[in-house]
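# Summary of the model geometry
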2 protein chains.
Amino acid sequence: MSGMRMSPNLALNQLVAERQAAGEPIVHLGFGESRLPAFAPLVERLAAGARRNAYGPVAGSPGVRAAVAGYFDRRRLPTGPDQIVVAPGSKPLLMAVGLTVPGDLLLPRPAWNTYAPQARLAGKHPIAVPIPEECGGVPDPALLREHIRAARTLGHDPRVMVLTLPDNPTGTLAPPAMIRELCAIAEEEDLLIVSDEIYRDVVHDPDTPYLSPAEVAPDRTVVCTGLSKSLALGGWRIGAARFPAGPWGEWIRSGVASVASEIWSTLPGPMQEVAEYAFGEPEEIRERLRVSARLHGAVAREVHRIVVGAGARCRPPTGAFYVYPDFEPVREELDKHDVTDSASLSRRMLDLGAAVLAGHLLGDEPGALRFKCATSMLYGENAEQQEMSLAAENPVALPHVRSVLDRIEASFQRLL
Amino acid sequence: MSGMRMSPNLALNQLVAERQAAGEPIVHLGFGESRLPAFAPLVERLAAGARRNAYGPVAGSPGVRAAVAGYFDRRRLPTGPDQIVVAPGSKPLLMAVGLTVPGDLLLPRPAWNTYAPQARLAGKHPIAVPIPEECGGVPDPALLREHIRAARTLGHDPRVMVLTLPDNPTGTLAPPAMIRELCAIAEEEDLLIVSDEIYRDVVHDPDTPYLSPAEVAPDRTVVCTGLSKSLALGGWRIGAARFPAGPWGEWIRSGVASVASEIWSTLPGPMQEVAEYAFGEPEEIRERLRVSARLHGAVAREVHRIVVGAGARCRPPTGAFYVYPDFEPVREELDKHDVTDSASLSRRMLDLGAAVLAGHLLGDEPGALRFKCATSMLYGENAEQQEMSLAAENPVALPHVRSVLDRIEASFQRLL
């Protein structure tokens, strides 16, 4: 394995934690964690699951798999429990798919910083295709075929395409028409689609049309999800995957279960108890999801307003909790501060008191003036403030949210 | 990835669970799970850790790493917290070491069934070296050099050697002199030693001398451990690794942390809370470890008596909860029942009502008449019986333990 380093978002998170602990007043916009308290009924389920100290089935107990199947059923994806595997996060599931399915990986540029290193660990070549003007999370359909042809010319073998719906890092959601177009290309080129839908329940406006590629290309789409983002359980590590019905899907699912059995055995029993409850989506969970998405949207829109005010162009966020500004329009002004690329831009942002994740760490062009702002750690310093933020119709008006947004705005105003 | 199948011990476990659920009276000797209740103070810590829903540091929080370092300190291995990585089980840590360190893998024959598949997933060739007469868990030092030379002749590149101390599947512990001999070979041949010490606290007689290769070859030994076996927490998935001090160790540790950041992010926060408490080893944990090892030893010795009585030769168990009988002495009698190899032998055992894990599934010679009996699920049908077993000075005299041992004995008596 060459060029090993820690996943850059986690590395930045540790750096910021250390600097903050040392007293530096840094606003942390570099880490996609939904910093909210664990919802009380989830805590109860964790404690209730403590008795599950025996190894359970590798793919998950029948109960949790049925609950996850139901979750997908309610999202227009009829699903049997045998199509489901749960795991300690969606990361290991994505890795196991990569270890199971042959061929190289097509991914959007920029993309979440773990897809490419995982591909390399699995012996795959990552092939980055620029995202369209309209949204992130998908390769531009107008460029995809030529990138596939070019990769083949170079001896690569693109067989898997990753979509992120909604997207990390751009906070946008590819529209249904584009999903259909990508599915058609996947059919023509015989690609497996891995649809990372971990932010699906963090679409800001519940009326936004959502189309999963698993609805369009059911035989060739694996869907991954988890509770880290929608229910703020990153530290509990609960993920799930849905495999296609039919022989190809079953072949992939059994390969993933095989990898699971050799690498992580099973999702911890107490976490299976939590997952069974949460994916079952009783009323209180649906309400928690609703208010969480409202909060994420309100704050992301506000940060979007700030970055646009500072001179960036930026896609308006519609899902997840990110904005991805592009400071190309003010390149000349930035040049006066020796800011010429994504690395120097993110360093300057840190000097101005805002930790952001440089675009090149997400596979983007190093020369571009882009970075990711995660907007999900701005909801308060403690559980009480964070619960207030969740409860508020207009959270950005709360003093504890407003003050951190003001600090961010002040940092951006000093950029040029 | 070719020849994918589920890890055979987990697959057998699921098969037996299904048959038992269907009413078949099978005694399950095929799965290395310590079937005991979660110790109450551990359950309390899990609940207390529920608030840890944020992503923590990849390698583990400072508190849990300090606790694990202390655990090793108390075992003659001076350790700093920076040498420690915790993870959801020791399996992912072993996998991450394999993905980090180049070269092929030397392992004992037979060995725990996950080493070889993990090696293949990491692009390594597994090189199995027969165990010595005296014990399992180690390559026979008298054969090791010639196997290394032969592997090199074939173009392989043996660079890592796995030791299991005490051993799964033989339930034995390599003596200090043999560890020294193996460490000397590792020095000569420049091998990294991966010492799997997950059963270290399940040595039956506390006076048994225990020598870790990390004491003899500190710069070249990675130690893995976990709470699955010693504290019956297989379903909670808590593992830890100790890396050597110095530059090579730090290079491996940072590589493992990098892999961790891409595959599993971190040990779930509530489990870190549990691990910090348990590896801290307060008095009640030490007592729990003591009575658990006593119980495991008493029942393993009894199953050893049974298999020897049925005509096998078998190393007396001294650690973990396994016996590994060899029915070669009665090959002719078994032949009359069409039992000619490890597969047909294990099938016959299942027909006789005892699920065992065939030796060839552990890398052993398919023609040998050997299998693994895990003896750790014989302690009772419910938590009350299991706690009685733990409390008993002589657990094999308890009616609920005696009756299952009698059923096992009856199965073996019908073998010939």
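Keep in mind that what you see is a predicted model, and the values were worked out from it rather than measured.

Secondary structure assignment for chain A yields 15 helices and 12 strands. Each principal axis of the C-alpha distribution contributes one length, and for chain A these read about 60 × 55 × 40 Å. Out of the 416 residues in chain A, the part that is buried amounts to 65%. Partitioning the contacts of chain A with sequence separation of at least 6, the portion at a separation of at least 24 is 73%. In the structure as shown, chain A presents an accessible area of about 14,200 Å², 52% of it carried by carbon and sulfur atoms. Across chain A, the centroid of the 42 positively charged side chains sits 2 Å from that of the 50 negatively charged ones.

Residue and element names in this part refer to chain B. Both faces of strand β12 (residues 371-374) are covered, namely the face carrying F371 and C373 and the face carrying K372 and A374. Where strand β11 (residues 357-358) and β12 come together, two bridges link them in antiparallel fashion. When the sheet's bridge partners are listed, A358 is paired in β12 with F371.

We now examine the interface of chain A and chain B. Listed by partner, the interface residues are 57 residues for chain A and 57 residues for chain B. Buried area between chain A and chain B, both sides added, is near 4,600 Å², and the carbon and sulfur share of it is 62%. Of all residues in chain A, N53, Y55 and E262 of chain A give up the largest surface area on contact with chain B, accounting jointly for 19% of the area buried on that side. Here chain A is connected to chain B by zero salt bridges. The interface formed by chain A and chain B includes 28 residue pairs in polar contact (both at pLDDT 80 or more). Those elements giving two or more residues to the side of chain A that touches chain B turn out to be α1 (8-21), α2 (40-48), α4 (90-100), α5 (115-121), α9 (247-263) and α10 (269-280) of chain A. Looking at the side of chain A that touches chain B, the element that brings in the most residues is α9 of chain A, giving eight residues.

Time to look at a negative patch on the surface. Together, E332, E333, D335 and D338 of chain B make up a negatively charged patch on the protein surface. Along the chain, the position of E332 of chain B falls in helix α12 (residues 331-335).

So, about the UniProt feature "domain: Aminotransferase class I/classII large" (unreviewed entry) in chain A. What UniProt calls "domain: Aminotransferase class I/classII large" (unreviewed entry) maps, in this numbering, to residues 41-375 of chain A. End C-alpha atoms of residues 41-375 of chain A are separated by 25 Å, and the span's content is 42% helix alongside 14% strand.

All names here are of chain B. Strands sit in the order β2-β8-β7-β6-β5-β3-β4 across an open sheet of seven strands; the sheet is mixed. Strand pairing shows two members of the sheet lacking a second neighbour, β2 (84-87) and β4 (126-130), which therefore form its edges. Neighbouring strand axes in the sheet, compared pairwise and without regard to direction, differ in orientation by 25° on average. Bridging between strand β7 (residues 221-226) and strand β8 (residues 239-242) involves four bridges; their strand directions are antiparallel. Note on β8: the bridge partner recorded for V223 is R242. Contacts between helix α4 (residues 90-100) and the sheet are confined to β2, β6 (192-196), β7 and β8, with β7 contributing the most and set at about 160° to the helix.

Further remarks concern the environment of A300 of chain B. Residue and element names in this part refer to chain B. Position of A300 among the secondary structure elements: in helix α11 (residues 283-309). What makes A300 buried here is its relative accessible area of 0%. Sequence separation between A300 and L378 is 78 residues, and the spatial gap between their C-alpha atoms is 9.9 Å. Not counting residues up to four positions away in its chain, the partners in contact with A300 are H204, P317, V323 and T375.

Attention shifts here to the packing of aromatic side chains. Scanning all chains against the criterion turns up 20 aromatic pairs over all chains. Note on Y71 of chain B and F279 of chain B: the rings are 5.2 Å apart at their centroids and 90° apart in plane angle, and the pair reads as edge-to-face. One end of the pair, Y71 of chain B, is in helix α3 (residues 62-73); the other, F279 of chain B, is in helix α10 (residues 269-279), and 208 residues separate them in sequence. F279 of chain B shares its class with Y71 of chain B; the two are buried. A ring pair is formed by F321 of chain B and Y322 of chain B, whose centres lie 5.2 Å apart and whose planes are at 55°; its orientation type is tilted. We note that F321 of chain B, like Y322 of chain B, is buried. Three or more aromatic residues link up through ring pairs in this structure, and these residues are Y71, F72 and F279 of chain A. Over the ring of Y71 of chain A we find R75 of chain A, and its NZ or CZ is 3.7 Å from the ring centre.

Next up on the list: the relation of the copies chain A and chain B. With an RMSD of 0.0 Å, the fit of chain A onto chain B corresponds to turning through 180° and sliding 0.0 Å along the axis. Those values place the two copies in the arrangement expected of a two-fold rotation axis. Across chain A, the rotation axis passes nearest the C-alpha of A47 of chain A, at a separation of 2.5 Å. By residue overlap, the copies meet face to face through one surface: 100% of the interface positions of chain A are interface positions in chain B.

What counts, and at which threshold
Residues numbered from 1 in each chain as written. Chains lettered and ligands numbered in written order. Predicted model: local features only at pLDDT ≥ 70, side-chain atom pairs only at ≥ 80, totals over all residues. Heavy atoms only, no water. Helix = DSSP H or I, 4+ residues; strand = E, 2+ residues; numbered from the N terminus. Buried < 20%, exposed > 50% of the residue type's maximum accessible area, 1.4 Å probe, protein only. Contact = heavy atoms within 4.5 Å. Areas by Shrake-Rupley, 256 points an atom, 1.4 Å probe, with all protein chains shown as cover. Lys, Arg positive; Asp, Glu negative; His and termini not counted. Charge placed at Lys NZ, Arg CZ, Asp CG, Glu CD. Pairing = 2+ DSSP bridges. Buried area = accessible area lost by both parts, 1.4 Å probe. Salt bridge = Lys/Arg side-chain N within 4 Å of Asp/Glu carboxyl O. Polar contact = N/O pair within 3.5 Å; in protein donor to acceptor, adjacent residues only side chain to side chain. Patch = residues over 30% accessible without salt bridge, like charges linked within 9 Å, V, L, I, M, F, W, Y side chains within 5 Å. UniProt positions renumbered as here; feature names shortened; annotations may be inferred. Axes fitted to C-alpha atoms, helices over the stretch in contact; angles between N-to-C directions. Phe/Tyr/Trp six-rings, centres within 6.5 Å; stacked < 30°, edge-to-face > 60°. Lys NZ or Arg CZ within 6 Å of the ring centre and 35° of its normal. Least-squares fit on C-alpha atoms with pLDDT ≥ 70 in both.

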